[in-house]
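Observations on the model geometry
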Amino acid sequence: MNRRYRKTIIAGNWKMNKTATEGKALLDELKQTIARVKWCEVVVCVPFVDIPMAIRALKDTRIAVGAQNLHQEQSGAYTGEVSASMLKDLGVKYVIIGHSERRQYFGETDSTVNKKIHVALEAGLHPIVCVGETLEQRESGITAELITMQVKAALAGVPAEKIRSIVIAYEPIWAIGTCKTATAEQANEVCELIRATIRKIYGARAARAVTIQYGGSMNAKNAQELLAQPDVDGGLIGGASLKAPDFTTIVEAANQ
Ligand code: 13P
């Protein structure tokens with residue numbers, strides 16, 4: 001973390017978990033336990049149908065609501081999809097874009113990720129853009145090239161004045177839901193590389209201001225060590241965001 005230059009952001013990604021009723025119970029707990037958070041921003045990225053509940057439950061708190069996806073067109077004949085303006089209208093602040101599960105199971109590509117970032121920014125949403133390598137890619141030594149390419153492709157055409165609205169999440173695919181966390185050094189190395197890539201495109205000041213999260217089996221036990229790294233500015237948390245005590249401990253580690 002480096003709070004002098006950029007925000008620390010802890011975001012929970014509930015994925016396809018929690019009905020609105022279950023989600024409300026979790027948020028009611030979190031409102032009590034993380035009411036005094038001062039130094040970091042807390043976000044819960046909930047399923048689409050839980051969004052109105054979450055907005056109501058978190059009104060007058062410092063916890064922001066995020067979505068987990070959106071469609072790349074502004075409106076139109078796309079049955080079953082949700083647009084950026086629909087999310088904005090509900091009071092959503094963040095939206096996860098290009099999560100590896102979307103890339104793996106729903107055919108998202110660097111090109112759709114880029115389009116989604118553009119529609120999100122136009123609507124005034126803050127994209128949380130996910131990048132990450134598979135185990136096979138890491139073992140064949142192409143992590144740096146792959147991540148650099150993913151970041152460049154994601155940010156293509158994004159103007160300099162918008163770059164600070166974007167959060168990047170480094171999520172090594174081999175660490176997601178596997179209990180195999182990247183070491184603090186591995187996480188920092190790639191987050192640093194992402195910042196260097198942004199620096200080359202947008203310059204040092206912009207790169208210094210962008211929040212870069214780590215995600216992948218971050219939990220109450222390892223959060224502190226990961227967040228102590230200079231280029232790890234927060235976390236995107238899956239499993240551990242579904243339990244109030246665990247998520248609270250992670251937020252507290254970021255709030256120190
Ligand atoms: P886990 O924390 O469950 O590994 O999930 C990470 C993730 O994919 C967050 O987006």
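Up top is the structure these notes are about.
From a predicted model like this one, the values you see are computed outputs, not experimental measurements.

1. A few points about the overall build of the chain
- Looking only at helices and strands, one finds 11 helices and eight strands in the chain.
- A compact globule built from 256 residues should have a C-alpha radius of gyration of about 18 Å, and the chain, at 17 Å, falls within 12% of that.
- Seen through its C-alpha atoms, the chain measures out along the principal axes to roughly 45 × 45 × 35 Å.
- Taking all 256 residues of the chain together, 53% fall into the buried category.
- Within the chain, counting contacts between residues at least 6 apart in sequence, those at least 24 apart form 73% of the total.
- For the chain, the exposed area adds up to about 11800 Å²; of that, 52% sits on carbon and sulfur atoms.
- Charge centroids of the chain, computed over 31 positive and 27 negative side chains, lie 7 Å from each other.

2. Some thoughts on helix α8 (residues 184-202)
- For α8, with 19 residues, the first-to-last C-alpha span of 26 Å sits near the 27 Å given by 1.5 Å per residue.
- A184, A187, N188, V190, C191, I194, R195, T197, I198 and Y202 are the residues of α8 that are buried.
- Among the residues trailing α8, G203 stands out with phi positive, at a value near 95°.

3. What to know about the packing of aromatic side chains
- The final tally for this structure, using the stated rule, is one aromatic pair.
- One cation-aromatic arrangement involves R102 over F106; the distance from NZ or CZ to the ring centre is 4.1 Å.

4. Quick word on the nonpolar core
- If you look at the biggest cluster of nonpolar residues, it comprises 71 residues, and the most contacted ones within it are I194 and I198.
- At seven residues, α8 tops the list of elements feeding residues into this core.
- A11, C130, V167 and L236 belong to the second-largest nonpolar core, a separate cluster that totals 12 residues.

Scoring rules and cut-offs
Within every chain, residues take consecutive numbers counted from 1 along the sequence as written. Owing to the predicted nature of the model, reporting of local features is limited to residues with pLDDT of at least 70; listing and counting of side-chain atom pairs is limited to 80 or more, with chain, interface and lining totals taken over all residues. Excluded from the side-chain calculation are hydrogens and water; included are all heavy atoms of the structure. The secondary structure listing takes helices from DSSP runs of H or I that are at least 4 residues long and strands from runs of E that are at least 2 residues long, numbered from the N terminus. The globule rule used for comparison is 2.2 Å times the number of residues to the exponent 0.38, while the radius of gyration itself is calculated over C-alpha atoms. For each residue, the accessible area found with a 1.4 Å probe, counting protein chains only, is set against the maximum for its type, and the residue is called buried under 20%, exposed over 50%, and partly exposed in between. Here, two residues are considered to be in contact whenever any of their heavy atoms come within 4.5 Å of each other. Per-residue accessibility takes into account occlusion by the displayed protein chains alone, with areas from the Shrake-Rupley method and a 1.4 Å probe. Counting rule applied: Lys, Arg positive; Asp, Glu negative; His and chain ends not counted. To locate a charge, the coordinates of NZ of Lys, CZ of Arg, CG of Asp or CD of Glu are taken. Expected span, for any helix, means 1.5 Å times one less than how many residues it has. Side-chain rings of Phe, Tyr and Trp, where Trp is taken by its six-membered ring, are said to pair if the distance between their centres is within 6.5 Å; with planes under 30 degrees apart they count as stacked, over 60 as edge-to-face, and otherwise as tilted. In this analysis the charged atom, NZ for Lys or CZ for Arg, is taken to sit over a ring once it is within 6 Å of the ring centre and within 35 degrees of the ring normal. Residues grouped as a nonpolar core are buried Ala, Val, Leu, Ile, Met, Phe, Trp, Tyr and Cys residues, joined through side-chain atoms within 4.5 Å.

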